[in-house]
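So you can see what is in the structure, the chains are spelled out below.
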Amino acid sequence: DELAACADRAPRRRASRRRAARRRAGGQLVLRQKTHPGPGAVHAHRALRDPVRATRPRSGRHREVGREREPLRAASRCVSFLSPTPIDGAFRVDPNVSAIAIDVATARGGRERAPHRESASPRPKRLPTLNQRPHTADARRLFETRKTLFFRQLTFRSSLSSSEVNEALGNLKFPHIYPDPESRALRAALAEECGVSSDCLLVGCGADELIDLLMRVILDPGDVIINTPPTFGMYAFDCAVNAGVVVDVPRFGPEEGFRMDVKGIKDAVAKHKPKLLFLTSPNNPDGSVLPDEDLEELLKLPVLIVLDEAYIEFSGIANSRITEVETRDNLIVLRTFSKRAALAGMRVGYGAFPKGIVEFMWRAKQPYNVSVAAEVAALAALSNPKYLKDVKEKLVSERDNLFNVLKECPFLSPYPSAANFILCRVDGRDALEVKDALAKEGICVRHYTKPASISGCVRVSVGRPDQTALLKEALTKI
């Protein structure tokens with residue numbers, strides 16, 4: 001009888017716990033979606049066509065929530081993470097449902113189980129978004145600045161997207177189905193374009209993922225990589241994450257064009273016996289190109305060389321080395337769709353690896369690292385080579401115009417660049433103050449405090465001619 005009574009009480013206890021969990025979460029009912037194309041998937045599909053329209057507040061039935069009543073916008077909640085904010089054009093959490101989303105993501109709990117709710121420090125004031133009305137003069141000024149910046153960036157990005165990409169994303173048929181874990185269609189298209197076998201190609205969620213994956217496969221704790229600052233910061237970051245040791249061989253200064261210290265690299269390889277040497281051409285952030293003779297000298301060293309060609313399409317003077325990967329045992333080449341195809345938000349990168357390494361990369365790779373939408377967008381971009389060529393030619397042409405504008409500014413000294421950005425030294429003024437002053441005019445640039453060779457510099461990305469004109473106007477004003 002006692003066992004029967006306990007069994008009878010068990011379902012009631014479980015139901016009671018579920019009711020308590022809903023109360024802690026603010027009374028919201030959390031719906032789990034599987035792989036069927038329910039209303040959330042349909043709304044997400046619409047969001048790919050028009051993210052701003054998809055996230056507008058919707059009227060709906062009301063359901064009792066604790067002691068209050070709140071619109072139950074189930075479809076809107078399913079794409080709450082696609083709400084655009086005007087700070088940088090990125091899609092962020094909708095402020096109307098952010099607390100619920102954070103609770104679900106952290107603990108599926110509420111105030112009692114989510115530590116961010118119990119923080120002793122006061123919660124910072126939330127900045128106004130596009131669907132909120134600012135109430136103070138300062139908030140209105142900040143709102144207008146960020147709104148202007150957001151729509152400038154949104155217009156620029158949409159103008160660079162090819163019609164094929166927009167149409168492919170708008171007609172995406174299977175967002176509820178998991179992507180191909182091997183990205184076979186995209187690898188086949190890349191093999192045809194690059195002139196290499198698809199067996200040596202690997203596609204990642206941006207080239208950043210491939211950098212981290214390579215280090216996880218190659219490095220043991222305490223192993224050394226050679227870095228050549230100033231350069232892309234993810235090399236040192238991922239090395240530290242994977243318990244490696246970074247040995248820096250600084251580039252020469254701007255007076256020598258930021259060229260690499262080949263002799264210093266040779267000495268470091270002989271002394272530290274590194275497993276990886278990272279090279280970037282054109283280099284980020286200065287835009288310098290690695291000469292062929294220097295690369296040939298470095299390829300003779302007993303070290304695996306990773307050549308990052310993220311900006312190679314804009315160089316005009318350097319040829320990609322991706323076709324040499326199959327004939328060299330110590331060369332890896334990384335590329336990306338972020339720059340040449342204007343698909344940075346989709347996160348699609350790829351690399352060519354020696355067959356002795358790519359086998360182990362496959363073993364360590366996450367199965368669904370490239371989304372359905374990302375692969376569809378990349379394939380659509382590859383199907384229109386004229387679009388890719390137009391993007392490159394327009395950016396290279398506007399880069400020359402931007403360089404002249406920056407050169408005319410009395411407190412900026414631009415350096416020649418073979419990428420889609422220009423590095424400038426700020427003379428007689430503080431670089432951070434210049435960055436902040438431009439931000440108030442709705443223009444974002446990046447400033448640097450280290451390493452010493454680029455301390456006090458800002459980097460300006462190449463945009464459209466009208467954006468260059470806005471930058472010129474803002475520089476004159478500040």
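Starting afresh in each chain, residues are numbered from 1 along the sequence in its written order. In keeping with the predicted nature of the model, local features appear solely for residues at pLDDT of at least 70, side-chain atom pairs appear and are counted solely at 80 or more, and the whole-chain, interface and lining totals rest on all residues. In computing side-chain values, all of the structure's heavy atoms are included and hydrogens and water are not.

Asks: Hey, could you run me through the packing of helix α9 (residues 206-218) against helix α10 (residues 234-241) in this one?
Replies: For any two helices packed against each other, one specifies the inter-axial angle together with the distance between the axes. Angular values range over 0 to 180 degrees, each being the angle between N-to-C directions of two axes fitted as lines to C-alpha atoms, with helices fitted over their stretch in contact. Strands here are runs of E lasting at least two residues and helices are runs of H or I lasting at least four, both read from the DSSP assignment and numbered beginning at the N terminus. Close contact between α9 and α10 brings their axes to 9 Å; oriented N to C, the two are set at 40 degrees. Taken together, α9 and α10 sit at an angle that is classed as oblique. Considering only the axes of α9 and α10, their crossing is right-handed. Counted together, Asp-208, Ile-211, Asp-212 and Met-215 of α9 and Met-234, Tyr-235, Asp-238 and Cys-239 of α10 form the full contact between these two elements. Each residue belonging to the contact of α9 with α10 can be placed in one class, and the counts come to five nonpolar, no polar and three charged. Here is the rule for angles: anything less than 35 degrees is roughly parallel, anything more than 145 is roughly antiparallel, 65 through 115 is roughly perpendicular, and the remaining ranges are oblique. Take the far helix as the reference: if the near one is turned anticlockwise from it by less than a right angle, the crossing is left-handed, and if turned clockwise, right-handed. Any two residues having at least one pair of non-hydrogen atoms within 4.5 Å are treated as being in contact. For this scheme, ten residues count as nonpolar: Ala, Val, Leu, Ile, Met, Phe, Trp, Tyr, Cys and Pro. Four count as charged, namely Asp, Glu, Lys and Arg, and the remainder, Gly too, count as polar.

Asks: When you look at the sheet that holds strand β15 (residues 457-461) in this model, what are you seeing that I'm missing?
Replies: Two strands in a sheet stick together by hydrogen bonds in their backbones, pointing the same way (parallel) or opposite ways (antiparallel). The pairing criterion for strands is at least two bridges between them, as found by DSSP. Pairing is antiparallel across the open sheet formed by four strands, whose spatial order is β12-β13-β15-β14. Each edge of the open sheet carries a strand with a single partner, namely β12 (412-414) and β14 (446-448). Averaged over all adjacent pairs, the angle separating strand axes in this sheet is 30 degrees, with direction ignored. Where β14 and β15 come together, three bridges link them in antiparallel fashion. Directly across from His-447, in β15, lies its bridge partner Val-458. Helix-sheet contacts for helix α15 (residues 385-408) involve β12, β13 (421-426) and β15, and the interaxial angle to β13 is about 10 degrees. Across the sheet, helix α16 (residues 431-440) is in contact with β13, β14 and β15; its angle to β14 comes to roughly 170 degrees.

Asks: In this structure, what is going on with the pairing of β13? I would like to understand it.
Replies: Remark: a regular strand shows side chains that alternate across the two faces of the sheet. Three labels apply to residues, based on accessible area from a 1.4 Å probe with only protein chains included: buried if under 20% of the type maximum, exposed if over 50%, partly exposed otherwise in between. Counting buried residues in β13 gives five out of six residues, a clear majority hidden from the surface. In terms of strand pairing, β12 meets β13 through three bridges, oriented antiparallel. Within the sheet, the bridge partner assigned to Pro-414 lies in β13 and is Cys-424. Where β12 folds back onto β13 in an antiparallel hairpin, the turn is made up of six residues. Alignment of β13 against β15, held across five bridges, turns out to be antiparallel.

Asks: Mind showing me how you'd approach the nonpolar core here?
Replies: Across soluble globular proteins, nonpolar side chains show a tendency to be buried alongside one another. Within the largest apolar cluster, 77 residues are counted, with the highest numbers of intra-cluster contacts made by Leu-279, Phe-337, Leu-406 and Leu-412. The greatest single-element share of this core, amounting to eight residues, is contributed by helix α14 (residues 372-382). With near-sequence residues (within four places) excluded, Leu-406 lies in contact with Leu-412, Pro-414, Ile-422, Cys-424, Val-460, Leu-471 and Leu-475. Remark: nonpolar core denotes a set of buried residues (Ala, Val, Leu, Ile, Met, Phe, Trp, Tyr, Cys) joined through side-chain atoms within 4.5 Å.

Asks: Help me understand the side chain of Arg-399, please; the structure alone is not making it clear to me.
Replies: Structurally, the position occupied by Arg-399 is in helix α15. Think of it this way: Lys and Arg go in the positive column, Asp and Glu in the negative one, and His and the chain ends go nowhere. Any carboxyl oxygen of Asp or Glu within 4 Å of a side-chain nitrogen of Lys or Arg constitutes a salt bridge here. Salt bridges are absent for the buried Arg-399, whose nearest opposite-charge side chain, Asp-400, sits at 4.5 Å. Sequence-distant contacts of Arg-399, that is, excluding residues within four places in its chain, are made with Phe-314, Ser-417, Ala-418, Ala-419, Ile-422 and Val-462.

Asks: Is there a simple way to explain the packing of helix α11 (residues 262-272) against helix α12 (residues 292-299) in this structure?
Replies: Viewed as axis vectors pointing N to C, α11 and α12 meet at an angle of 10 degrees, and their least axial separation amounts to 11 Å. Relative to α12, the element α11 lies roughly parallel. Contacts from Val-262, Ile-265 and Lys-266 in α11 reach Asp-294, Glu-297 and Leu-298 in α12. Per-class residue counts for the contact of α11 with α12 are three nonpolar, no polar and three charged.

Asks: Looking at this structure, I do not really get α11. What am I missing?
Replies: Side chains of residues three or four places apart in an α-helix project in the same direction, reflecting 3.6 residues per turn. Where α11 is concerned, the buried positions are Val-262, Gly-264, Ile-265, Ala-268 and Val-269. Looking down the long axis of α11, one finds its buried residues gathered within 155 degrees of arc, a one-sided arrangement. Away from its buried face, by an angle of more than 90 degrees, α11 presents the exposed residues Lys-263 and Lys-271. Turning to α11, the residues buried within the fold contact β6 (224-227), β7 (245-248), β8 (276-280) and α12. Throughout, the arc means that of the directions going from the helix axis to the C-beta atoms.

Asks: Looking at this structure, how should I read the confidence of the model for the chain?
Replies: Close inspection of predicted coordinates is inappropriate for parts of the model with low pLDDT. In this model, the chain carries a mean pLDDT of 76, and residues with pLDDT of at least 70 account for 65%. Contacts of residues 27-131 to residues separated by more than four positions or lying in other chains number 152 contacts, the stretch itself having pLDDT below 50. Note that residues 150-160 has pLDDT below 50 and, in this model, 25 contacts with residues that lie over four places away or in other chains. Each residue carries a pLDDT score, the predictor's confidence in it, ranging from 0 to 100.

Asks: What should I look at first to understand the pairing of strand β5 (residues 201-204) in this one?
Replies: Residue alternation in β5 divides its side chains into two sets, Leu-201 and Val-203 and Leu-202 and Gly-204, and both sets are buried. Relative to strand β11 (residues 349-352), β5 is paired through four bridges, and the arrangement is antiparallel. Counterpart to Val-203 in the pairing with β11 is Tyr-350.

Asks: I'm lost on the pattern of salt bridges in this one. Help?
Replies: Once their charged atoms are close, side chains differing in charge can pair, the charge on each being opposite to the other. For the structure on display, the rule yields 24 salt bridges. Notably, a salt bridge pairs Arg-340 with Glu-193, separated by 2.9 Å at the nearest N-O pair. With Arg-340 in the loop between β10 (331-336) and β11 and Glu-193 in helix α8 (residues 184-194), this pair connects stretches of sequence that are 147 residues apart. A residue is classified by how much of its surface remains accessible, and Glu-193, at 39% relative accessible area, is partly exposed. The residue Glu-441 makes a salt bridge to Lys-477 at a minimum N-O spacing of 3.3 Å. Here Lys-477 lies in helix α17 (residues 465-477) and Glu-441 lies in the loop between α16 and β14, a separation of 36 residues in the sequence. Overall, the relative accessible area of 61% leaves Lys-477 in the exposed class.

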